[in-house]
Amino acid sequence: MRAARPLASLTLSALLLALFIGIWQLSSLTSGAGDAVVDPEYAALVGAAAASGGQTPFPSPLQVGARILEHLTDPFYVRGTNDQGIGVQLAYSLGRVLTGYGIAALVAIPLGFVIGMSPLLYGALNPFIQVLRPISPLAWMPLALYTIKDSAVSSIFVIFICSIWPMLINTAFGVASVRREWLNVARTLECSTWRTAFRVILPAAAPTIMTGLRISIGIAWLVIVAAEMLVGGTGIGYFVWNQWNNLSLADILTAILVIGIVGMVLDQLLAMATRAVSYQE
Amino acid sequence: MAGPFADPFDPKTALWGCSCGRHASQAEHDRALACEPVAAAPEPNATDVEALSARIVETAVTKAVFGTEARRRAFLSLVGKATAASALATVFPLDAAKEAFAQAPRAVEKRNLKIGFIPITCATPIIMAHPMGFYAKHGLNVEVIRTAGWAVIRDRAINREYDAAHMLSPMPLAITLGAGSNPIPWTMPAVENINGQAITLANKHRDRRDPKGWRGFRFAVPFDFSIHNYLLRYYVAEAGLDPDRDIQIRAVPPPEMVANLRADNIDGFLGPDPFNQRAVFDGVGFIHLLTRELWDGHPCCAFAVSRAFINDTPNTYHALLRAIIEATAYASNPANRREVAAAISAQNYLNQPVTVVEQVLTGTFADGLGRVQRVPNRIDFDPFPWHSMAIWILTQMKRWGQIRGDVNYAQIAEQVFLATDTAKAMRELGLRPPEQTTRTHVIMGRTFDPADPEGYLASFAIRRT
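Worth saying up front: this structure is predicted, and the values here are computed from it rather than measured.

Rules behind the numbers
Residues numbered from 1 in each chain as written. Chains lettered and ligands numbered in written order. Predicted model: local features only at pLDDT ≥ 70, side-chain atom pairs only at ≥ 80, totals over all residues. Helix = DSSP H or I, 4+ residues; strand = E, 2+ residues; numbered from the N terminus. Buried ≥ 20, exposed ≤ 12 C-beta atoms within 10 Å, placed from the backbone. Contact = placed C-beta atoms within 7 Å. Axes fitted to C-alpha atoms, helices over the stretch in contact; angles between N-to-C directions. Parallel < 35°, antiparallel > 145°, perpendicular 65-115°, else oblique. Left-handed = near helix turned anticlockwise from the far one by under 90°. Nonpolar A, V, L, I, M, F, W, Y, C, P; charged D, E, K, R; others polar. Core = buried A, V, L, I, M, F, W, Y, C linked by C-beta atoms within 7 Å. Domains from an automatic or database assignment. Pairing = 2+ DSSP bridges. pLDDT = per-residue confidence, 0-100.

A. Just the overall build of chain B, in detail. Helix and strand counts for chain B stand at 20 helices and 16 strands. Counting all 465 residues of chain B, 49% fall into the buried class. Long-range contacts, defined here as pairs at least 24 residues apart, represent 76% of the contacts in chain B between residues at least 6 apart.

B. Structural context of the overall build of chain A. When helices and strands are counted, chain A shows twelve helices and zero strands. Along the chain direction, N to C, the helices and strands of chain A fall in the order α-α-α-α-α-α-α-α-α-α-α-α. Dimensions of chain A, computed from C-alpha atoms along their principal axes, come out at roughly 95 × 55 × 35 Å. Counting all 281 residues of chain A, 33% fall into the buried class. For chain A, long-range pairs separated by at least 24 residues make up 67% of all intrachain contacts whose partners lie at least 6 apart in sequence.

C. A look at the packing of helix H11 (residues 236-245) of chain A against helix H12 (residues 249-277) of chain A. Residue and element names in this part refer to chain A. At a closest axis distance of 9 Å, the pairing of H11 and H12 adopts a crossing angle of 160 degrees. Judged by the inter-axis angle, H11 sits roughly antiparallel to H12. In this structure, H11 meets H12 at a crossing whose hand is left-handed. Taking contact as the criterion, the partners of Ile236, Phe239, Val240, Gln243 and Trp244 in H11 are, on H12, Asp251, Ile252, Ala255, Val258 and Ile259. Tallied by class, the residues present in the contact of H11 with H12 amount to eight nonpolar, one polar and one charged.

D. Seen up close, the nonpolar core. One finds Ala164, Phe219, Ala304 and Ile324 of chain B to be the most contacted residues of the largest nonpolar core, which totals 126 residues. Counting contributing residues, this core receives three or more from each of domain 2 (112-193 + 299-458) and domain 3 (197-293) of chain B. If sequence neighbours within four positions are ignored, alanine 304 of chain B has contacts with Ala164, Ala165, Met167, Met171, Pro172, Trp186, Thr187 and Met188 of chain B. Among the nonpolar cores identified, the runner-up in size contains 51 residues, and Cys162, Trp221, Val240 and Val258 of chain A belong to it.

E. Seen up close, the interface of chain A and chain B. Every contact between the two is made by 30 residues of chain A and, on the other side, 33 residues of chain B. For the side of chain A that touches chain B, the secondary-structure elements that each account for two or more residues are helix H2 (40-45), helix H3 (48-51), helix H10 (193-231) and H11 of chain A. Ranked by the residues each element gives to the side of chain A that touches chain B, the list is headed by H11 of chain A, at four residues. Taken together, the residues that form the side of chain A that touches chain B break down as twelve nonpolar, 13 polar and five charged.

F. Region of the structure containing the sheet that holds strand S7 (residues 218-221) of chain B. All names here are of chain B. Spatially, five strands are ordered S8-S7-S9-S6-S10 in an open sheet, and the strand pairing comes out mixed. Taken across any chain shown, the strands that pair with only one partner, and hence form the sheet edges, are strand S8 (248-251) and strand S10 (285-290). Each adjacent strand pair in this sheet contributes to an overall mean axis angle of 25 degrees, direction not counted. Packing of helix H11 (residues 254-262) onto the sheet brings it into contact with strand S6 (197-202), S7, strand S9 (268-272) and S10, and relative to S9 it is tilted by some 155 degrees.

G. Representation of the sheet that holds strand S1 (residues 112-117) of chain B. All names here are of chain B. Spatial ordering of the open sheet is given by S2-S1-S3-S11-S4, a layout of five strands whose pairing is mixed. Each edge of the open sheet carries a strand with a single partner, namely strand S2 (141-146) and strand S4 (186-191). For this sheet, the mean inter-axis angle between neighbouring strands, taken without regard to orientation, is 30 degrees. Examined bridge by bridge, S1 and S2 share six bridges and lie parallel to one another. What sits directly across from phenylalanine 117, in S2, is arginine 146.

H. Summary view of the packing of helix H5 (residues 86-117) of chain A against H10 of chain A. Residue and element names in this part refer to chain A. At their nearest, the axes of H5 and H10 sit 10 Å apart, and the two run at 140 degrees to each other. When the interaxial angle is binned, H5 and H10 end up oblique. The way H5 lies across H10 gives a crossing that is right-handed. Residue-level contacts link Ser93, Arg96, Val97, Gly100, Tyr101, Ala104, Ala105 and Ile109 of H5 to Ile209, Leu213, Ser216, Ile217, Ala220, Trp221, Ile224 and Glu228 of H10. A class-by-class count of the residues in the contact of H5 with H10 yields eleven nonpolar, three polar and two charged.

I. Expanded view of the confidence of the model for chain B. Residue and element names in this part refer to chain B. With 80% of its residues at a pLDDT of at least 70, chain B reaches an overall mean of 83. Contacts of residues 35-47 to residues separated by more than four positions or lying in other chains number 15 contacts, the stretch itself having pLDDT below 50. Among the scores for the predicted complex, ipTM is 0.74 and pTM is 0.76.

J. Seen up close, the environment of arginine 206 of chain B. All names here are of chain B. Checked against the element boundaries, arginine 206 lands in the loop between S6 and S7. Considering only alpha carbons, one finds arginine 206 and arginine 446, 240 residues apart in sequence, at a separation of 28 Å. Beyond its immediate stretch of four places on either side in the chain, arginine 206 contacts Phe286 and Leu369.

K. Up close: the environment of glycine 112 of chain A. When you line up the elements, glycine 112 of chain A lands in helix H5. Residue glycine 112 of chain A is classed as buried on the basis of its 27 C-beta neighbours within 10 Å.

L. The arrangement of the environment of proline 40 of chain A in detail. Positionally, proline 40 of chain A belongs in helix H2. C-alpha separation for the pair proline 40 of chain A and leucine 132 of chain A, spaced 92 residues apart in sequence, amounts to 61 Å.

M. Examining the pairing of strand S3 (residues 164-168) of chain B more closely. Residues and elements named next belong to chain B. Among the five residues in S3, five count as buried, and that is most of the element. On S3, burial covers both faces: Ala164, His166 and Leu168 on one face and Ala165 and Met167 on the other are all buried. Sheet analysis places S1 next to S3, joined by two bridges and oriented parallel. Across the sheet, residue glycine 116 finds its bridge partner in S3, namely alanine 165. Bridging between S3 and strand S11 (residues 301-306) involves four bridges; their strand directions are antiparallel. In the sheet register, methionine 167 faces S11, and the bridge partner there is alanine 302.

N. Just unusual backbone geometry, in detail. Residues and elements named next belong to chain B. In this structure, proline 274 follows aspartate 273 across a cis peptide bond, with omega equal to 10 degrees. On the secondary structure map, proline 274 appears in the loop between S9 and helix H12 (275-281). Even without being glycine, aspartate 264 reaches a positive phi, approximately 65 degrees. Its place among the elements puts aspartate 264 in the loop between H11 and S9. Note on aspartate 264: 10 C-beta atoms within 10 Å, which makes it exposed. With a phi close to 60 degrees, asparagine 351 is a non-glycine residue in the positive phi region. The topology assignment puts asparagine 351 in the loop between helix H15 (337-344) and helix H16 (354-362).

Here it is, written out as structure tokens:
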């Protein structure tokens, strides 16, 4: 593929966005209000659209924009247990994701190393991994709540269990597929097992391991929103649930945008780390 | 120094009005004996409640032992304070008395409590007690935590993440019986609200108000173990429809009810407010009937705690119960409803438009059909957990196959619905609880006699037993 000029693609992106918002704004102008006439006392008790026989319409881009601005100007307020700013909620979610993900990495990378270096273990553990891997992490939630008896730890556990598989499989695969020649050279030079592991296998497998880490963070960020909607309390997922409770679509759209941006940032950080350890043969 | 907290072992203190005991107050005594300079007694260093209550006990005992001021002063001057105190202690268990006295009014074992609630108007007393200071008034520091659903609130309460919780009134019965979870002794010391629910139908069913024509309708209720489920089943069964075969009933969290009604996934719901009113507010549905038209005074939600919480922290439990009952009494006064609505609609609590909550609590509401209705007892608040209510709920649990076998109705009702505790707390707050714990209820014109639950159950044509 020929490389496109960056300025041209940027302009096209902006045009597409403008087109999308324009269509949205136009469609929001027409929907909603009906033409029924009711008495003023009744009208005062219901929403503007319901007063004229219609339904409350989908919010327009302008309303959503106003809400986003409101959230972003004061993201870190705390006005009670159940009323905290979007920044605070994001921090809770990120904290959970990084804890669960960090523990998963601490377990998966050494374990993957061992599995990758020993064909016997690889064969023995592979059936378990293949069965456990495709389970939706949220299916673990009731089990976790029942056994751990703590909702905060349960959501961290769910992040742990969903992010461990890509890391484990990629590490094992990366370690197992280090080129024979390199291992033979190390053996010829009489390197110890530890020295071979750290100086030959680890650098060789690093790009594959990093790819596993990158896949995992994506999954973890997807799962935390759902887990928090289920368990509630704090976090960006709880924020979405809470605004759903108030049927406030403008706030939900704000949260969706923020979730997307944070997910992209996390992914890009790991992409940079992957580039840093990759090599040309 | 005079007054209730003066040191009774100080000879200069006046326990009987003045220091000689013949005047009503120290000031009067001073005027009568103006020439005699009175040295100011040092302030007792009794700053905390514990020391003050100990002082009150000492004073009472000293007064009883000596009888008159002159005798006490003579004795104290002769032997000194320490000796007097120890001499007294040999004839009277002063320390034990101090301790016993201190136990009574204070000694809340646990001040910081967590209470979970679902953001619906049924939780009004639990929620309002926070911003309106009822918890603080009873010496408690309570955090009220909005929770995502009934199963979550049940699991968190069972896991002891919450000290107490807002539940649906059948839930403590179901938890105790082990229906839908492991059996754990649970209790319901107070009813949160009575009435206050409604059947909301989609706007397209404006002309199909007769339940006989509801075959094939899809309904939502908040939870399987809910008064909503039992009332909806009762209502359609009275119209000749079998709720398990002729209509569909699914458990849907309240906020999703309006969204589902709008998306045409359900035809209606029997749900808690503010979501009935919210459906009207957003032009999605109309209020078909209020549940008070089915059973006026039916219990809905519960203030629930585990039996273990009561046993481990009895004083905390009583303080909490008093706070809840006081809040309930405040909410039951129609004059306070607007104030309560404003307090609980905030983002930290219900997170709903004030006008929606106000319509629910005041009973002046838009019904979704273009009329403004005035029903002051649309929702009401009465904490008394009638045992007969529990027995009715148990009959319906059995009727629809949620529990099987022989049910000891009266015993379970007594064990879970703590009417005696409620009555005691009500009396302490100057309220008048009913004398009985059971009575007959009238549900859709049919009288329920709590003395004969099996006979009542057998009288229904449509049942699963």
